[in-house]
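Chain by chain, the residues run as shown.
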Amino acid sequence: MIDKRDLSRVFQDRVSLLIERSGGNLSRFAGNAGVDRSALTQFLSAGSTRLPRAETLARLAEANGVTLDWLLGLSQDEATVAEVAPALTVEQAEEPADEERFWTWYREALGYKIRYVPSTVPDLLRHEMVTGFEFRFRGRSQIEARRSQSQRQLDYSRRPETDIEVCMPWQTLDNIARGEGVWAELDPAIRAEQIALVADRLEELYPTFRLFLFDGRREFAVPQTIYGPLRAAVFLGRAYLVITRTEQVRALTVQFDTLIRNADVGPDRAARWVRERWGS
C-alpha cells in the first residue's frame, strides 16, 4: 500500500532534482512550468505531506519532460514509460481475477481524489441481494466477485485518508424505488432495503465518501472512474477503456467537476434527501 507521506517525500526529492538540473533557480523553474512559486515552496518544505493538484503535477511533468509516474515515484524511468505504454488500452472486466488490476489502480491513487460515475448503484452502496439480482445471468462466480468488490470498496472508503466523489442521476434510485425498468422483477421489500441502505451508508461514510445527484434529464455522463491524475477507466460493458495520457485524464476530470456544479443534491444533504423522497 502506498502511503501519501511516502509519495510526498518522493515528489519533493524528484522536484528538487529537476530544479537542480534546470540551474537551481526556483522562481525560473516555477515560471517555466506555469505554477505558483510560493505554493511550490510550501509543497517542498520539510515535513509537508501535501501534494499539488493534478493540474499542477501535470504541468511540472510536461515542462520537464518526465512522466507523472516518475515524478510520484511509481516508476524509476523518467521518460521511457510514457513512450512505451499506450495512452489508451482496452481491459476486459469479466473474470473475477481481473478485480486485482482495479485495486492496484486504487492503491496507486491513494492520497488523491477518486471520481466515479457508476453505471448503476455504486458497489459500496449496493445491497447483496440487489447484486445477486443484477448479475443473475452471469453466473455464481460473477455474483460473488461483485459482492467481494462491494465489500472491498466499502472497507477502502472507511479509511480516513480516502477521498471519493460519486456523481450519478437520481433517476437510478427512483427506478429502484418504483420498481421500474430492469428493476420490475425485483422484490419490493429488497428494493426498499436497498434505498434504506443507500441512506445509511451515505450518513456513515460522509465526508470521505460524497454522493452528488444530478437530473438525468438535463445531464449525461458515461460510467467512469478517474484515479486522481494517474488514469481513467471508462466502462464499456464487458471491458474498460483505460486512459493514461495526462491531458485526457484532465479533460475527464473537468467534465466530472461540471457534473458536480450542476448537481441537484450535494453530499451534505444526500442521505436526508433519499430518506425524504423514497423512505417509508
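Residues numbered from 1 in each chain as written. Predicted model: local features only at pLDDT ≥ 70, side-chain atom pairs only at ≥ 80, totals over all residues. Heavy atoms only, no water.

1. Re the side chain of arginine 210
Within the secondary structure, arginine 210 is located in strand 4 (residues 209-214). Classification of arginine 210 by relative accessible area gives buried; the value is 15%. Separated by 2.5 Å, the side chains of arginine 210 and aspartate 163 make a polar contact. Sequence-distant contacts of arginine 210, that is, excluding residues within four places in its chain, are made with Lys113, Asp163, Ile164, Glu165, Val166 and Pro267. (Helix = DSSP H or I, 4+ residues; strand = E, 2+ residues; numbered from the N terminus. Buried < 20%, exposed > 50% of the residue type's maximum accessible area, 1.4 Å probe, protein only. Polar contact = N/O pair within 3.5 Å; in protein donor to acceptor, adjacent residues only side chain to side chain. Contact = heavy atoms within 4.5 Å.)

2. Digging into unusual backbone geometry
The residue after tyrosine 206, namely proline 207, is reached through a cis peptide bond having omega 15°. Assignment of secondary structure puts proline 207 in the loop between helix 11 (188-205) and strand 4.

3. Observations regarding the pattern of salt bridges
In total, this model carries 20 salt bridges according to the counting rule given. Between lysine 113 and glutamate 165 there is a salt bridge; the shortest N-O distance is 3.4 Å. With a gap of 52 residues between them, lysine 113 in the loop between helix 7 (99-108) and strand 2 (114-117) and glutamate 165 in strand 3 (residues 164-169) connect regions that are remote in the sequence. Using a relative accessible area of 26% as the deciding quantity, one classes lysine 113 as partly exposed. (Salt bridge = Lys/Arg side-chain N within 4 Å of Asp/Glu carboxyl O.)

4. Here's the deal with helix 13 (residues 270-278)
One turn of the α-helix equals 3.6 residues, which is why residues spaced by three or four share an orientation. Those residues of helix 13 not exposed but buried are Ala270, Ala271, Trp273, Val274 and Trp278. Considered in projection along helix 13, the buried side chains sweep an arc of 165° and stay on one side of the axis. Tucked inside the fold, the buried residues of helix 13 contact helix 10 (171-178), helix 11 and strand 4. (Arc of directions from axis to C-beta.)

5. Regarding the side chain of threonine 120
Positionally, threonine 120 belongs in the loop between strand 2 and helix 8 (128-134). Residue class for threonine 120 comes out buried when judged on its relative accessible area of 12%. If sequence neighbours within four positions are ignored, threonine 120 has contacts with Arg126, Glu134, Met168, Thr172 and Trp183.

6. Focus: the confidence of the model for the protein
In this model, the protein carries an average pLDDT of 86, and 90% of its residues clear a pLDDT of 70 or more. Within the protein, strand 4 carries the highest mean pLDDT (97), whereas helix 6 (residues 80-84) carries the lowest (40). When the criterion is pLDDT under 50, residues 80-85 qualifies, and its contacts beyond four places in sequence or with other chains add up to four contacts. (pLDDT = per-residue confidence, 0-100.)

7. Here's the deal with the pairing of strand 6 (residues 231-235)
Counting buried positions along strand 6 gives four out of five residues, so the element sits mostly inside the fold. Bridging between strand 5 (residues 224-227) and strand 6 involves four bridges; their strand directions are antiparallel. Across the sheet, the residue bridging to isoleucine 226 is alanine 232, located in strand 6. Connecting strand 5 to the antiparallel partner strand 6 that follows it, the hairpin turn spans three residues, and glycine 228 within it adopts a positive phi of roughly 55°. (Pairing = 2+ DSSP bridges.)

8. A look at the packing of helix 10 against helix 11
As a packed pair, helix 10 and helix 11 sit with axes 8 Å apart at the nearest point and diverge in direction by 145°. Here the hand of the crossing between helix 10 and helix 11 comes out left-handed. Facing helix 10, whose interface residues are Leu173, Ile176, Ala177 and Arg178, helix 11 presents Arg191, Gln194, Ile195 and Val198. When grouped by side-chain class, the residues that make up the contact of helix 10 with helix 11 number five nonpolar, one polar and two charged. (Axes fitted to C-alpha atoms, helices over the stretch in contact; angles between N-to-C directions. Left-handed = near helix turned anticlockwise from the far one by under 90°. Nonpolar A, V, L, I, M, F, W, Y, C, P; charged D, E, K, R; others polar.)

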